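# Residue-level structure breakdown
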Amino acid sequence: MPNLHTPAMSRDHLNKTFWGRLTIVILCHCLAASPTLAAAELTKGDIEQKVEEVNLRTDLPEETRATLVGQLEAAQNQLQTEADFRASAKEFKSSTASVKQEVSRFEQLLAEAQANPVDTGELVSKDATPEEIESQIGLLEAERSALSARRSELLQATEGWTKRREAIQARLVEIQSHLEEIQSALKTPPDSLKGEVQELVARARLQALTAERAALEQEMLSKPARLDVNSAERDWIARAMADADSKLQALNKAAEAARDDVTRERLESVAAIKEELQALSPALSPFAEQNQLLADQLKRYSVELEQARDISLSMQTQLEDIEQDSALMKRRLEVAGRKEILGQVMMTRLDKLPNTELIRREINERNDLIAERSLTYIDTDEELRAIRSRDRYIAER
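Residues numbered from 1 in each chain as written. Predicted model: local features only at pLDDT ≥ 70, side-chain atom pairs only at ≥ 80, totals over all residues. Heavy atoms only, no water.

Next up on the list: the overall build of the protein. Along the backbone of the protein there are ten helices and zero strands. Across the 397 residues of the protein, 36% fall into the buried class. Across the protein, every contact between residues at least 6 apart in sequence was considered, and the portion connecting residues at least 24 apart equals 86%. Summed over all atoms, the accessible surface of the protein reaches about 23,100 Å², with 52% contributed by carbon and sulfur. (Helix = DSSP H or I, 4+ residues; strand = E, 2+ residues; numbered from the N terminus. Buried < 20%, exposed > 50% of the residue type's maximum accessible area, 1.4 Å probe, protein only. Contact = heavy atoms within 4.5 Å. Areas by Shrake-Rupley, 256 points an atom, 1.4 Å probe, with all protein chains shown as cover.)

So, in structure tokens, the structure goes:
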């Protein structure tokens, strides 16, 4: 399986180099190109006051009054947008406060897992029934499925960051252009009520754009730290999934052994019943044959169930390997894609990966078969259990 994680030391070194330079670029951008507000910060109270003023102007045509009020309401919305972006910036900034603790926590979990290998010998008690072991398997499979889903979520977040970063950079350029246009327009003092309203609208828009820019810049600055947490968590999840696989293999073997013990006991019991029934009366031979048939079915279902579990686990592992290979190739393609030859090579390798949807469907079909065989095994065992008592069976007949 390819290694998708960057070692912590290398990660820190790259972050200090690349993202340190990015911080300087952003700060220079803010100092050199950021326009200042035309006046003191605009508040909702200022706009509400202007709305009241507009409504009190009896000399205004109704249509003009409605237009001006509508513009002021749009300015109110801009101030709400400003508040939302400020909250986002605060959230991005606060998300970096606990990064060291989060990374340390996942590294500690990983170290503990590495220092304490799974002891499969203690997973199942000697007298555990197949049903009890099946319950353990079900719980562990659910736990592993949750880990796999979380890992996919983290990988998706990592893969999507390149496009997100490019989108942020493009948006920052757009915002700067809009800010300069608005600032230029605000240099002309208003000479009418309509001009005053337009000025308030422009100031509200200016504040919203400024807040949006601050939020985007904070996102750019905080993302590297969050990616460190992402990587540390994926490292721990990989180990947790490997441990879960080890436990599942041990539990499946234990379940197979328990089913074999039960089947052997049933076959011995059936053989005894068959011999006794045939000695008592040849007429009871059909019932003895029914016992034998059920016991044979029980043995066959046990074998089919174990085979289905082995195939399902193997296919699940194959699917996860393919998904990780695909993610790695896509990330490499983003870097190599600008070079035509490398891009073509990566695209060719990506196209040659197996069809994950087909494998996923096969896994689902195999899991359905496992569920069906498990129920059939239980039903057959119960039916055989109901007729295996020789004394009760003969008395009832």
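Another aspect to go through is the packing of helix H2 (residues 44–56) against helix H3 (residues 62–95). Closest axis-to-axis distance for the H2/H3 pair is 10 Å, and the angle between their directions is 175°. Taken together, the axis directions place H2 and H3 in an arrangement best described as roughly antiparallel. Along the contact surface, H2 presents Lys44, Ile47, Glu48, Lys50, Val51, Val54 and Asn55, while H3 presents Arg65, Leu68, Val69, Leu72, Ala75, Gln76, Leu79 and Gln80. In terms of residue class, the contact of H2 with H3 is made up of eight nonpolar, three polar and four charged. (Axes fitted to C-alpha atoms, helices over the stretch in contact; angles between N-to-C directions. Parallel < 35°, antiparallel > 145°, perpendicular 65-115°, else oblique. Nonpolar A, V, L, I, M, F, W, Y, C, P; charged D, E, K, R; others polar.)

Below, the discussion takes up the nonpolar core. With 14 residues, the main nonpolar core has Ile47, Val54, Leu68 and Leu72 as its most contacted residues. Contributing elements (two or more residues each) for this core: H2, H3 and helix H6 (193–280). Per element, the largest residue contribution to this core is five residues, and it comes from H3. Residues contacting leucine 72, with those up to four places away along its chain left out, are Ile47, Lys50, Val51, Val54, Val197 and Leu200. Formed by twelve residues, the second largest nonpolar core is a distinct cluster that contains Leu172, Leu179, Ile182 and Leu216. (Core = buried A, V, L, I, M, F, W, Y, C linked by side-chain atoms within 4.5 Å.)

Below, the discussion takes up the packing of aromatic side chains. Two aromatic rings are characterised by how far apart their centres lie and by the angle between their planes. By the definition in use, this model includes one aromatic pair. The lysine or arginine in question, arginine 105, covers the ring of phenylalanine 106, its NZ or CZ lying 4.4 Å from the ring centre. (Phe/Tyr/Trp six-rings, centres within 6.5 Å; stacked < 30°, edge-to-face > 60°. Lys NZ or Arg CZ within 6 Å of the ring centre and 35° of its normal.)

This part is about the pattern of salt bridges. Taken as a whole and assessed by the stated rule, the structure comprises 14 salt bridges. A salt bridge links glutamate 196 to lysine 50; its shortest N-O distance comes to 2.7 Å. With glutamate 196 in helix H6 and lysine 50 in helix H2, this residue pair connects regions lying 146 residues apart in the sequence. A relative accessible area of 28% means that glutamate 196 is categorised as partly exposed. Glutamate 153 serves as the salt-bridge partner of arginine 150, at 3.0 Å between the closest nitrogen and oxygen. Residue arginine 150 and its partner glutamate 153 are both found in helix H5 (residues 130–186); the two are separated by three residues, about one turn of the helix. Assessed through its relative accessible area of 30%, arginine 150 is described here as partly exposed. Here glutamate 153 falls in the partly exposed class, since its relative accessible area comes to 47%. (Salt bridge = Lys/Arg side-chain N within 4 Å of Asp/Glu carboxyl O.)

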